[in-house]
Amino acid sequence: AQTVTQSQPEMSVQEAETVTLSCTYDTSESDYYLFWYKQPPSRQMILVIRQEAYKQQNATENRFSVNFQKAAKSFSLKISDSQLGDAAMYFCAYRTLDNYGQNFVFGPGTRLSVLP
Amino acid sequence: DSGVTQTPKHLITATGQRVTLRCSPRSGDLSVYWYQQSLDQGLQFLIQYYNGEERAKGNILERFSAQQFPDLHSELNLSSLELGDSALYFCASSVDGTAPEKLFFGSGTQLSVL
């Protein structure tokens, strides 16, 4: 079974600085998808960024980018120019190519605080 | 707004009771997923329905059941509630076509069992 690990339960960053959240996963599949979801205090789950495993190029969405290392099974999220609104729980998630729910696995989350 | 609607937003009940959580997926989405998020914990997959049929089952208790109706909305029924069932219950939907899609989450139902 696939597993997703986030080794940093909590992180903090100064406003306007850059922070990197770590994620590792375990799978025997060669093709899959990886996601970062953000959960602000409102508790809504919001998709931040998505990466296809067959793509070597790292995904980027405005201030958010990933460092995808397939061989190392690592998928870190970099937030540049951190803003107060970035404070949230961040969940790393893995999904196989099939459409079975148990194969969409979330990590335990990293709580990010942004300091003014 | 994700397009996924969950009702009610908050639910307070007593142990031993039964409740029903409702979810309306995004227009066109065929799959509905239910997740449980306990305090300061990640999301635990409960169950998935695809076009009215159960597709996958996770760590769902026997006291819990779900169904997806012909109009594709889904209900999660929780019975014989215990204090430990207090959690945020998320519904998510996806198209589930030939390519796997991301999940669109509702805003959740906060269940408090007293």
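What comes next is a walk through the structure. Since this is a predicted model, take the numbers as computed values, not measurements.

### Focus: the state of the cysteines
All names here are of chain A. By the definition in use, this model includes two disulfides over all chains. Paired through a disulfide, C23 and C92 show a sulfur-sulfur distance of 2.0 Å. Taking the torsion about the sulfur-sulfur bond, which here is approximately -70°, the covalent link between C23 and C92 counts as left-handed. Here C92 lies in strand β10 (residues 88-96) and C23 lies in the loop between β3 (19-21) and β4 (24-26), a separation of 69 residues in the sequence. Judged by its relative accessible area of 2%, C23 falls in the buried class. Overall, C92 belongs to the buried group, its relative accessible area being 0%.

### A closer look at the pairing of strand β5 (residues 43-50) of chain B
Residue and element names in this part refer to chain B. Burial analysis of β5 places six of its eight residues in the buried class, the great majority of the element. Relative to β5, strand β4 (residues 31-37) runs antiparallel, the two being bridged by seven bridges. By the bridge assignment for β5, W34 is matched with I47. Alignment of β5 against strand β6 (residues 53-57), held across four bridges, turns out to be antiparallel. Of the residues in β6, the one forming a bridge with Y50 is E53. Counting the residues between successive antiparallel strands, the hairpin from β5 to β6 contains two residues, one of them, N51, with a positive phi of roughly 50°.

Quick notes on the rules
Sequence order as written defines the numbering, with residues in each chain counted from 1. Chains carry letters and ligands carry numbers; both start at the beginning, A for chains and 1 for ligands, and go up in the order they are written. Where totals are concerned, whole chains, interfaces and linings use all residues; where local detail is concerned, this predicted model gives features only for residues with pLDDT of at least 70, and gives and counts side-chain atom pairs only at 80 or more. The side-chain figures draw on all heavy atoms in the structure; neither hydrogens nor water molecules are used. The disulfide criterion used throughout: a pair of cysteine sulfur atoms within 2.5 Å. Counting from the N terminus, the helices are the DSSP runs of H or I reaching at least four residues and the strands are the DSSP runs of E reaching at least two. Relative accessibility thresholds used throughout: buried, under 20% of the residue-type maximum; exposed, over 50%; partly exposed, between the two (1.4 Å probe, protein chains only). Two strands pair if DSSP finds at least two bridges between them.

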